[in-house]
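Chains, contacts and geometry: an overview
Letter by letter, the chains look like this.
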Amino acid sequence: MIAIITGDIVNSENHPSSEWMDILKEYFSRFGPAPMNWEIYRGDEFQLKVTQENALLVAIQIKAILKSIKGLDVRMGIGIGLETYIGSGVSESNGPAYQRSGRKLESLKDSKVNLSIATGNEFYDRTLNLMLRLALDFMDDWSVVSAEIIALVLDEPNASQKEIAKKLGIKQSAVSQRLKRARLNLVLDLLDYYEKQIKEI
């Protein structure tokens, strides 16, 4: 079982690729080489292969990274399942994980939801997607500074507020305020719930 994240960048037409392309490539390269593990194509669409355990964490990190750039956001479909064919690149490979991810992204464009998951299990899909829609109520509204601090904390979960403050060049009290405003506790609770549920599937 693997996870495929298929996404497209929202509002990319109003931003030069130079603003986000290298940042996204650098993040994706953590998961292996292109094009076997990830590809960015058609200018502003991408596909990334990750473990099913990490899928939601990675998707939220991608969202935080892109929302750290004023005016950008991202729409993503996560597909969990098997990989039955490995092509010359991730966009040429196939299997239920790929099909679920692609179909999920297509359905999001009509429903105006920015993140959804398809596991092949109706009960888990309904529960997880309800939680995601509730979380998107605040994640879609992250400011640049909220997104920036979420990206940093998810990347370095053991960093102290003092260390985060030093990295961002702000006071520790400001770190605490920003984390509260970004609803970090709810993000962590959602990730914890996802990690437990995905083991059952």
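Use the structure listed above.
Keep in mind it's a predicted model, so treat the numbers as computed, not measured. (Residues numbered from 1 in each chain as written. Predicted model: local features only at pLDDT ≥ 70, side-chain atom pairs only at ≥ 80, totals over all residues. Heavy atoms only, no water.)

**Quick notes on the overall build of the chain**
- Along the chain, the regular secondary structure elements total eight helices and five strands.
- C-alpha extents for the chain along the principal axes are approximately 50 × 40 × 30 Å.
- Residues classed as buried in the chain amount to 50% of the 201 residues present.
- Residue pairs at least 24 apart in sequence account for 68% of intrachain contacts in the chain once pairs closer than 6 positions are excluded. (Helix = DSSP H or I, 4+ residues; strand = E, 2+ residues; numbered from the N terminus. Buried < 20%, exposed > 50% of the residue type's maximum accessible area, 1.4 Å probe, protein only. Contact = heavy atoms within 4.5 Å.)

**Here we look at the nonpolar core**
- Core analysis: the biggest nonpolar cluster contains 56 residues, and Ile5, Phe46, Leu56, Ile60, Ile62, Ile78 and Trp142 have the highest contact counts within it.
- Of all the elements, helix 2 (residues 55-67) adds the most residues to this core, at nine residues.
- Excluding residues within four positions of it along the chain, Trp142 makes contact with Ile60, Lys63, Ala64, Lys67, Ala147, Ile150, Ala182 and Val187.
- Ile4, Val90, Ala97 and Tyr98 belong to the second-largest nonpolar core, a separate cluster that totals five residues. (Core = buried A, V, L, I, M, F, W, Y, C linked by side-chain atoms within 4.5 Å.)

**Quick word on the pattern of salt bridges**
- Applying the stated criterion across every chain, the model contains 12 salt bridges.
- Lys67 is the partner of Asp73 in a salt bridge, and the nearest nitrogen-oxygen pair spans 3.7 Å. Each member of the pair, Asp73 together with Lys67, is buried.
- Glu122 is paired through a salt bridge with Arg126; the nearest N and O atoms lie 3.6 Å apart. (Salt bridge = Lys/Arg side-chain N within 4 Å of Asp/Glu carboxyl O.)

**Examining the pairing of strand 5 (residues 115-118)**
- Burial along strand 5 is two-sided: Leu115 and Ile117 facing one way and Ser116 and Ala118 facing the other are all buried.
- As a crossover connection, the stretch from strand 4 (residues 73-81) through helix 3 (residues 96-111) into strand 5 is left-handed. (Right-handed = clockwise from strand over helix to strand, strands pointing away.)

**What about the pairing of strand 2 (residues 38-41)?**
- In terms of strand pairing, strand 2 meets strand 3 (residues 45-50) through four bridges, oriented antiparallel. Bridge pairing in strand 3 links Trp38 to Leu48.
- Count of turn residues in the strand 2/strand 3 antiparallel hairpin: three residues, of which Arg42 carries a positive phi of about 50°. (Pairing = 2+ DSSP bridges.)

**Overview of the sheet that holds strand 2**
- Spatial strand order, 2-3-1-4-5: five strands in an open sheet with mixed pairing. Looking along the sheet, the strands with just one partner apiece sit at the ends: strand 2 and strand 5. When the angles between neighbouring strand axes are averaged without regard to direction, this sheet yields 15°.
- In this structure, strand 4 lies alongside strand 5, joined through four bridges in parallel fashion. Across the sheet, residue Gly77 finds its bridge partner in strand 5, namely Ser116.
- Strands strand 1 (2-10), strand 2 and strand 3 of the sheet are contacted by helix 1 (residues 21-28), whose axis makes an angle of about 165° with strand 2. (Axes fitted to C-alpha atoms, helices over the stretch in contact; angles between N-to-C directions.)

**Examining the packing of aromatic side chains**
- Applying the stated criterion to the full structure yields five aromatic pairs.
- Arranged with centres 6.3 Å apart and planes meeting at 55°, the rings of Tyr27 and Phe28 form a pair that is tilted.
- For Tyr27, a relative accessible area of 3% gives the class buried.
- Its relative accessible area of 0% is what places Phe28 among the buried residues. (Phe/Tyr/Trp six-rings, centres within 6.5 Å; stacked < 30°, edge-to-face > 60°.)

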